[in-house]
Amino acid sequence: MSQKEKLLLVDGSNYLHRAFYALGDLSNSRGFPTNAIYVFTNMLLKLLKTQKPDYLVMVFDVKGPTFRHEAYAPYKATRKAMPEALAIQIPLIKEIVAGFSIKIVERQGFEADDIIGTIARREAARGLSVVIVSGDKDLMQLVTPDITLADTLKDISYDVEAVKSRFGVPPEKIPEVLGLMGDAVDNIPGVPGIGPKTARELIAAYGSVEGVLAGVDGIRSRTTKRALVEHAGDARLSRDLAVIKTDLPLDLSLADCRLGEPKGDVLKGIFTELEFSSLLQELPGGDDILSGNYRVTGNRLDLTALREKLAHAAAFSLEVICDGPPLSGKTIGLAFCIEPKEAFFVPLAGISPEDREDGPAADEVLPALQAILSSPKVNIYGHDLKTASLALFRHGINLAGIASDTMVAAYILNPTGHGFDLADLLRSHLGARIISTGELLGNGARAIPFDQVELDRLKIYACLRADGAMRLAGKLDREIREAGLASLYSEIEIPLIAVLRDMEARGVLVDGTRLKSLSSEMEEALDLSEKRIYALAGERFNVNSPKQLQGILYDKLKLPRGRKIKEGFSTDFEVLTALAEKHELPAEILVWRSLIKLKTTYVNILPRLINPRTGRIHTSYNQTVTATGRLSSSNPNLQNIPIRTPEGRRIRQAFVAPPGATLVTADYSQVELRVLAHLSRDEALIQAFAAGEDIHARTAAEVFGVFAEMVTPDMRRQAKVINFGIIYGMGAFSLAKELGVKQNEAQAYIDNYFRNFSGVKRFLDETLTRARTFGYVTTLFDRRRFLPEINSSNAPLRSFAERTAVNTPIQGTAADLIKVAMINIARVFAEKGLKSAMIMQVHDELVFEVPLEEKDEVIRLVKGEMEGVGELAVPLKVDIGLGENWDEAHS
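All values derive from a computational prediction rather than experimental measurement.

Draft legend 1. Geometry of the packing of aromatic side chains. Enumeration over the complete set of coordinates arrives at 16 aromatic pairs. Both rings, one in Tyr-411 and one in Phe-420, keep their centres 5.9 Å apart while their planes meet at 80°; by these two values the pair is edge-to-face. For Tyr-411, a relative accessible area of 1% gives the class buried. Given a relative accessible area of 15%, Phe-420 falls into the buried group. Where Tyr-753 meets Phe-757, the ring centres are 4.7 Å apart and the plane angle is 40°; that geometry is what we call tilted. Of the two residues, Tyr-753 and Phe-757, both sit in the buried class. An aromatic cluster of three or more residues is present, and its members are Tyr-38, Phe-271 and Phe-276. Positioned above the aromatic ring of Phe-60, the side-chain terminus of Lys-94 is 5.1 Å from the ring centre. For Arg-652, the ring lying beneath its charged end belongs to Trp-886, and the centroid distance is 4.0 Å.

Here you go:
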């Protein structure tokens, strides 16, 4: 017997809404929201792969009344209006569906359910296997031996028996059940007081709504009997509203529904426009791999000719192939591209020697190119040139002519983009593909190092990257100019690459012996903490197991239960902090968790990160990670080492100055509040900073309505929370939790703050208005952050976007200021020939390693450059510290 052909009927409207709410903030570089499109398309691709249909119809609802509204005007009246951010994505979703050669059906006056019901019954009767794809329970009434319902998002499929198991009645009886219980989602009234259980029992016993009404005298419950008598009309109406029509006059042949071949060009254009790099890979045949004239520069004559071409080129792109971390890995070769579609690979010795016996030796190649690569007069393009620059730095080459970095450019255009890998960017911006590192080397245990790759394959890989970066740079540079971001890009982010390169290359000296001693001390402290925990709990248990801890706290000790979570009840930091007021055990658990986190994250890890050649840790500064423009660091993350805890200070004490030098710290004082004063032009804030007042004490006096002399330390502490709460868009609920006061009291504090600092309130309101109008906010230096959820009907998403809109101009401007200061300081150090070096940047602090003889000059220069970095309405203030280690200098 031949297998039945399969027809998929997809409830497109159901898919739309589930896709939209499945993913939050997502947009392309122009700020167009793409979350629903992205998720919907992935859902569709999964459906095509798993179901492999012969026929597929995508059915959508059409805006406007249907026959059900004519029968009952309040039908679906309680449903919220479609969010604008979803509505504007629907046309593109339909273009994508059409691009996959999928038939779209929608009819004015009828719902998608009725269209699905009509097609399903008709085609099942013709012998097709029909699968309805939806999460809508109403469609279960259509299930028969030949029609199933698949909720692909939950991986659940309903046949007749599965429907009976869920509803307690066969599929055809579902409208009868809904007639009695109603449906709040569709505003179907049902019979008051009859819920799902009673409705199922009544229909199972009497067979239908009419049967229940006819046999109402036999129903025991007086309340139910009275409700049925009084609302018999509602029951009949509700049943009729719930019945899906299966006899619409549809002019649709089965041939129209056959799944065709995807229209690759159409889909590629849409996905490229939306910057869906991962989806471009999913297209049949994939995107077009770049191609060009790619050559190996394999002898001295070729190398000389290449050097001449580079010397006379207006610009060229560079790709450095390094096996491992740039400061310690093996440099394999360099690729150059002067014009798109033409690139050259210059291998270094150590790769398949038989392929280049007559080639120049490794110690000849880099010196031959050093003058060009080190010249500030050339224009070098590339992708992630900081990493390339670090690899060359080890060979004595200072890459000086960086003009365009596609990773940084993409980040500038949209800091919340999908990713900044070169392959992803080429797919999303140019619809082009290059060979990935995984394709070249393999993955997992079977991966090979670069120096074992065949020369021709390595050439293509390296040249594709150089060629791709050259092509991409032109497009991104144009978009940056059109967006008005050229100054931010060329005057801040591009010069910063070399500054970060130098900081990473220099690294910071770390005392491994001190860390080893601290590790032993912390091990003892953890042992003592565990013993206290067992004594307080009255038994031994796995302290690191949330499940076991729940049992101790909530079942054994009967403490108030935390928030309900999937695995039981929460034992997170917030919950334990609240419980610590009622019992000693939660407090000790917090101590143990803090110790174990610091020990495993820093004390045990930092010694392994010390470079054996330099004795230093060379952290990586990430320029394209945070959405606000702030730098972050990794391997290790220096941002999260606690400042005030004894253990955090001990860790910082291991970051030391070498003999004959000192560490100098320069920390902006209250920079975000000063930025707020400038942006808001609030007279009270400006006056307070101009007079050198303690801004938190001033705020306390204003908010609590007391004279400055009457401000207590606790009032100042609360005012500090309020000051920074305002910056981060904190509402009364969050502020109340932070201060430990009632919500109405917190709201009074906020209201009082805004009465006294009315300029701040005006600035925040205007910022939100601009964000809602344009879909993004900017810093003082024109850095943008897109906020596609700012007008969302989803309250949590909208609230997050509003808090982000308030915070980003302030925090982003502070980030830009310190970046400009770093660039200026590096330039001044170089001009004066100082041996001092900037070695760390953490939040609003810069750390310098300074020879003792340069100490006074460096302090004067650093303080002057940081405080004079921008013309603000209030003075910037920098606190300077000195010490033999980081903690001592910061104290």
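After that view of the structure, there is still more to cover.
Draft legend 2. Summary view of the pairing of strand 25 (residues 845-851). Buried residues dominate strand 25, accounting for seven of its seven residues. Burial along strand 25 is two-sided: the face carrying Glu-845, Val-847, Glu-849 and Pro-851 and the face carrying Leu-846, Phe-848 and Val-850 are both buried. Inspection of the sheet shows strand 21 (residues 661-668) paired to strand 25 by seven bridges, in the antiparallel sense. Counted as the bridge partner of Ala-666 is Leu-846 from strand 25. Bridge count for strand 24 (residues 837-842) against strand 25 is five bridges, and the pairing is antiparallel.

Draft legend 3. Seen up close, the pattern of salt bridges. Applying the stated rule across the entire model yields 45 salt bridges. Between Glu-802 and Arg-798 there is a salt bridge; the shortest N-O distance is 4.0 Å. One end of the pair, Glu-802, and the other, Arg-798, are both in helix 36 (residues 795-832), four residues apart, so they sit about a helical turn from each other. Here Glu-867 and Lys-863 are joined by a salt bridge, their closest N and O atoms 2.9 Å apart. Taken as a pair, Glu-867 and Lys-863 lie in helix 37 (residues 855-867) at a separation of four residues, close to a single helical turn. Relative accessible area serves as the criterion here: at 30%, Lys-863 is assigned to the partly exposed category. One network of salt bridges, in which partners are shared, links Glu-493, Arg-783, Asp-816 and Lys-819.

Calculation rules
Residues numbered from 1 in each chain as written. Predicted model: local features only at pLDDT ≥ 70, side-chain atom pairs only at ≥ 80, totals over all residues. Heavy atoms only, no water. Phe/Tyr/Trp six-rings, centres within 6.5 Å; stacked < 30°, edge-to-face > 60°. Buried < 20%, exposed > 50% of the residue type's maximum accessible area, 1.4 Å probe, protein only. Lys NZ or Arg CZ within 6 Å of the ring centre and 35° of its normal. Helix = DSSP H or I, 4+ residues; strand = E, 2+ residues; numbered from the N terminus. Pairing = 2+ DSSP bridges. Salt bridge = Lys/Arg side-chain N within 4 Å of Asp/Glu carboxyl O.

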